[in-house]
Amino acid sequence: MNKFARYQVRVTKDHLVFSAAHFITFNGNICERLHGHNWRVAAELSGPLDENGYVFDFIALRDQLQKSVDALDHRVLLPTLHQKIQVREQDQEVEVTFENRRWIFPREDCILLPVENTTAELIAHWIGQQLLAVIGSNTANQIEAVQIEVEENFGQWAICKLPVS
(Lines give C-alpha, C1' and ligand atoms only; values in the text may rest on other atoms or scores of the structure.)
Protein backbone atom coordinates (compact mmCIF):
# COMPACT_ATOMS: atom_id res chain seq x y z
CA MET A 1 0.00 0.00 0.00
CA ASN A 2 1.15 3.51 -0.76
CA LYS A 3 1.38 5.29 2.60
CA PHE A 4 0.74 8.66 0.91
CA ALA A 5 -2.50 7.65 -0.78
CA ARG A 6 -5.69 9.08 0.68
CA TYR A 7 -9.11 7.56 0.26
CA GLN A 8 -12.67 8.65 0.80
CA VAL A 9 -15.87 6.87 1.73
CA ARG A 10 -19.24 8.43 1.06
CA VAL A 11 -22.65 7.46 2.40
CA THR A 12 -26.02 8.75 1.26
CA LYS A 13 -29.13 6.63 1.55
CA ASP A 14 -32.83 7.03 0.84
CA HIS A 15 -33.50 6.83 4.60
CA LEU A 16 -30.97 9.52 5.55
CA VAL A 17 -33.67 12.14 5.29
CA PHE A 18 -35.64 14.18 7.77
CA SER A 19 -38.67 16.42 7.62
CA ALA A 20 -38.34 19.47 9.83
CA ALA A 21 -39.55 23.02 10.23
CA HIS A 22 -37.34 26.04 10.78
CA PHE A 23 -36.98 29.73 10.18
CA ILE A 24 -33.83 31.75 9.74
CA THR A 25 -32.92 35.37 10.12
CA PHE A 26 -30.71 37.41 7.82
CA ASN A 27 -29.58 40.97 7.26
CA GLY A 28 -29.87 41.64 10.97
CA ASN A 29 -33.62 42.01 11.35
CA ILE A 30 -35.35 39.94 8.65
CA CYS A 31 -36.98 36.79 9.94
CA GLU A 32 -38.48 34.19 7.63
CA ARG A 33 -41.86 32.64 8.29
CA LEU A 34 -41.85 29.21 9.87
CA HIS A 35 -41.69 26.65 7.07
CA GLY A 36 -40.57 23.10 6.46
CA HIS A 37 -38.34 21.04 4.21
CA ASN A 38 -37.64 17.44 3.40
CA TRP A 39 -33.90 17.47 4.06
CA ARG A 40 -31.37 14.90 2.83
CA VAL A 41 -27.96 14.10 4.32
CA ALA A 42 -24.73 12.67 2.94
CA ALA A 43 -21.35 12.18 4.60
CA GLU A 44 -17.86 11.67 3.32
CA LEU A 45 -14.81 10.69 5.37
CA SER A 46 -11.25 10.91 4.11
CA GLY A 47 -8.00 9.43 5.30
CA PRO A 48 -5.61 6.53 4.86
CA LEU A 49 -6.67 2.90 4.84
CA ASP A 50 -6.59 0.92 8.07
CA GLU A 51 -5.32 -2.64 8.50
CA ASN A 52 -8.61 -3.93 7.03
CA GLY A 53 -8.32 -1.78 3.90
CA TYR A 54 -11.05 0.57 5.18
CA VAL A 55 -11.15 4.31 5.59
CA PHE A 56 -14.16 3.78 7.87
CA ASP A 57 -16.84 1.13 8.15
CA PHE A 58 -19.80 2.07 5.90
CA ILE A 59 -22.32 0.49 8.28
CA ALA A 60 -21.01 2.36 11.34
CA LEU A 61 -21.07 5.62 9.37
CA ARG A 62 -24.60 4.99 8.13
CA ASP A 63 -25.85 4.10 11.61
CA GLN A 64 -24.37 7.19 13.23
CA LEU A 65 -25.81 9.44 10.54
CA GLN A 66 -29.18 7.80 11.08
CA LYS A 67 -29.06 8.73 14.78
CA SER A 68 -28.48 12.39 13.90
CA VAL A 69 -31.18 12.37 11.24
CA ASP A 70 -33.66 10.70 13.61
CA ALA A 71 -33.03 13.39 16.25
CA LEU A 72 -34.03 16.07 13.70
CA ASP A 73 -36.93 14.28 12.05
CA HIS A 74 -40.42 15.77 12.50
CA ARG A 75 -39.15 18.53 14.76
CA VAL A 76 -39.02 22.30 14.81
CA LEU A 77 -35.32 23.23 14.60
CA LEU A 78 -34.52 26.08 17.00
CA PRO A 79 -31.19 27.89 17.43
CA THR A 80 -30.05 28.46 21.00
CA LEU A 81 -27.02 30.66 20.17
CA HIS A 82 -28.75 33.34 18.09
CA GLN A 83 -28.21 36.87 19.41
CA LYS A 84 -31.79 38.02 18.74
CA ILE A 85 -33.83 34.82 18.92
CA GLN A 86 -34.66 33.92 22.50
CA VAL A 87 -35.51 30.28 23.19
CA ARG A 88 -36.95 29.45 26.62
CA GLU A 89 -38.07 26.07 27.87
CA GLN A 90 -41.09 26.25 30.18
CA ASP A 91 -42.75 23.13 31.57
CA GLN A 92 -43.91 21.23 28.48
CA GLU A 93 -43.46 24.15 26.09
CA VAL A 94 -40.80 26.11 24.29
CA GLU A 95 -41.33 29.83 23.86
CA VAL A 96 -39.43 31.53 21.06
CA THR A 97 -39.27 35.27 20.47
CA PHE A 98 -37.70 37.48 17.83
CA GLU A 99 -38.36 41.20 18.10
CA ASN A 100 -42.20 41.48 18.23
CA ARG A 101 -42.84 37.89 17.06
CA ARG A 102 -43.60 35.01 19.43
CA TRP A 103 -44.10 31.27 18.93
CA ILE A 104 -45.10 28.57 21.44
CA PHE A 105 -44.30 24.94 20.62
CA PRO A 106 -44.79 21.68 22.52
CA ARG A 107 -41.36 20.75 23.95
CA GLU A 108 -41.48 17.27 22.44
CA ASP A 109 -41.87 18.77 18.94
CA CYS A 110 -38.63 20.78 19.15
CA ILE A 111 -34.92 20.19 18.99
CA LEU A 112 -32.83 22.95 20.49
CA LEU A 113 -29.62 23.17 18.49
CA PRO A 114 -26.47 24.91 19.73
CA VAL A 115 -26.19 26.99 16.54
CA GLU A 116 -26.53 30.68 15.67
CA ASN A 117 -29.12 30.09 12.95
CA THR A 118 -30.83 27.00 11.56
CA THR A 119 -29.28 27.30 8.12
CA ALA A 120 -28.45 24.18 6.14
CA GLU A 121 -24.76 25.05 6.59
CA LEU A 122 -24.98 25.12 10.38
CA ILE A 123 -27.16 22.02 10.49
CA ALA A 124 -24.44 20.27 8.45
CA HIS A 125 -21.90 21.49 11.00
CA TRP A 126 -24.00 20.18 13.89
CA ILE A 127 -24.33 16.75 12.22
CA GLY A 128 -20.57 16.77 11.58
CA GLN A 129 -19.90 17.48 15.27
CA GLN A 130 -22.11 14.52 16.22
CA LEU A 131 -20.13 12.32 13.86
CA LEU A 132 -16.77 13.64 15.10
CA ALA A 133 -17.69 12.74 18.68
CA VAL A 134 -18.06 9.10 17.63
CA ILE A 135 -15.03 9.04 15.35
CA GLY A 136 -12.84 10.70 17.97
CA SER A 137 -13.79 8.10 20.58
CA ASN A 138 -12.04 5.42 18.51
CA THR A 139 -8.30 6.06 18.64
CA ALA A 140 -7.67 3.44 15.92
CA ASN A 141 -9.27 5.74 13.34
CA GLN A 142 -7.00 7.90 11.25
CA ILE A 143 -9.76 9.94 9.68
CA GLU A 144 -8.42 13.28 8.47
CA ALA A 145 -11.63 15.07 7.50
CA VAL A 146 -15.39 14.73 7.74
CA GLN A 147 -17.62 16.31 5.11
CA ILE A 148 -21.35 16.59 5.73
CA GLU A 149 -23.78 17.62 3.02
CA VAL A 150 -27.32 18.75 3.78
CA GLU A 151 -29.83 19.24 0.99
CA GLU A 152 -32.54 21.69 2.05
CA ASN A 153 -34.46 21.58 -1.22
CA PHE A 154 -33.86 19.55 -4.33
CA GLY A 155 -30.53 20.71 -5.77
CA GLN A 156 -29.70 23.10 -2.89
CA TRP A 157 -26.86 21.58 -0.85
CA ALA A 158 -24.85 23.05 2.00
CA ILE A 159 -21.51 21.41 2.71
CA CYS A 160 -19.42 21.55 5.87
CA LYS A 161 -15.93 20.06 5.90
CA LEU A 162 -14.37 19.54 9.33
CA PRO A 163 -10.77 18.51 9.92
CA VAL A 164 -10.26 15.77 12.48
CA SER A 165 -7.68 16.65 15.08
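All figures in this text were calculated on a predicted structure; none of them were measured in a lab.

### So, the pattern of salt bridges
Using the criterion set out here, one finds seven salt bridges in the structure. We note a salt bridge from R88 to E95, for which the minimum N-O separation is 3.9 Å. Note that R102 and E95 form a salt bridge whose closest N and O atoms lie 2.7 Å from each other. Accessibility expressed as a relative area gives 56% for R102, which makes it exposed.

### Describing helix 2 (residues 120-136)
Along an α-helix, residues three or four positions apart point the same way, because every turn accommodates 3.6 residues. Taking 1.5 Å per residue as the helical rise, helix 2 with its 17 residues ought to reach 24 Å, and the 24 Å between its terminal C-alpha atoms agrees with that figure. Looking only at helix 2, the buried set comprises A120, I123, A124, W126, I127, G128, L131, L132 and I135.

### Some points on unusual backbone geometry
A positive phi is found at N27, a non-glycine position, where the angle reads about 50 degrees. Its location among the elements puts N27 in the loop between strand 2 (25-26) and strand 3 (30-31). With a relative accessible area of 66%, N27 lands in the exposed category. In this structure, H74 is a non-glycine residue whose phi angle is positive, near 55 degrees. Positionally, H74 belongs in the loop between helix 1 (58-72) and strand 5 (75-79).

### A look at the packing of helix 1 against helix 2
Contact geometry for helix 1 and helix 2: axes closest at 10 Å, N-to-C directions at 135 degrees. Here helix 1 is positioned oblique relative to helix 2, judged by the angle of their axes. Considering only the axes of helix 1 and helix 2, their crossing is right-handed. Residues L61, Q64, L65, S68, A71 and L72 of helix 1 pack against I123, W126, I127, Q130, L131 and V134 of helix 2. Considering only residue class, the contact of helix 1 with helix 2 consists of nine nonpolar, three polar and no charged.

Here is what the cut-offs are and how they apply
- Numbers given to residues run from 1 along each chain, matching the order in which its sequence is written.
- Totals for whole chains, interfaces and linings use all residues, but because this is a predicted model, local features are given only for residues with pLDDT of at least 70 and pairs of side-chain atoms are given and counted only at 80 or more.
- Where side-chain values are given, they derive from all heavy atoms of the structure, hydrogens and water being excluded.
- Each salt bridge in this description consists of a side-chain nitrogen of Lys or Arg and a carboxyl oxygen of Asp or Glu lying within 4 Å of one another.
- Relative accessible area decides the class of each residue, using a 1.4 Å probe on protein chains only: under 20% of the type maximum gives buried, over 50% gives exposed, and in between gives partly exposed.
- Working definition: helices are DSSP H or I runs of at least four residues, strands are E runs of at least two. Numbering for both runs from the N terminus.
- A helix's residues, less one, multiplied by 1.5 Å, set its expected span.
- Axes here refer to lines fitted to C-alpha atoms; in helices the fit is confined to the stretch in contact. Angles between the N-to-C directions go from 0 to 180 degrees.
- Should an angle fall under 35 degrees it is taken as roughly parallel, and over 145 as roughly antiparallel, whereas 65 to 115 is taken as roughly perpendicular and any remaining angle as oblique.
- Two helices that cross are described as forming a left-handed crossing if the nearer one is turned anticlockwise from the farther one by less than a right angle, and a right-handed crossing if clockwise.
- Residue contacts are counted whenever heavy atoms from the two residues lie within 4.5 Å of one another.
- Note that Gly is not counted as nonpolar here; it falls among the polar residues with everything else outside the nonpolar set of Ala, Val, Leu, Ile, Met, Phe, Trp, Tyr, Cys and Pro and the charged set of Asp, Glu, Lys and Arg.

Honestly, it's all geometry; don't read function into it.
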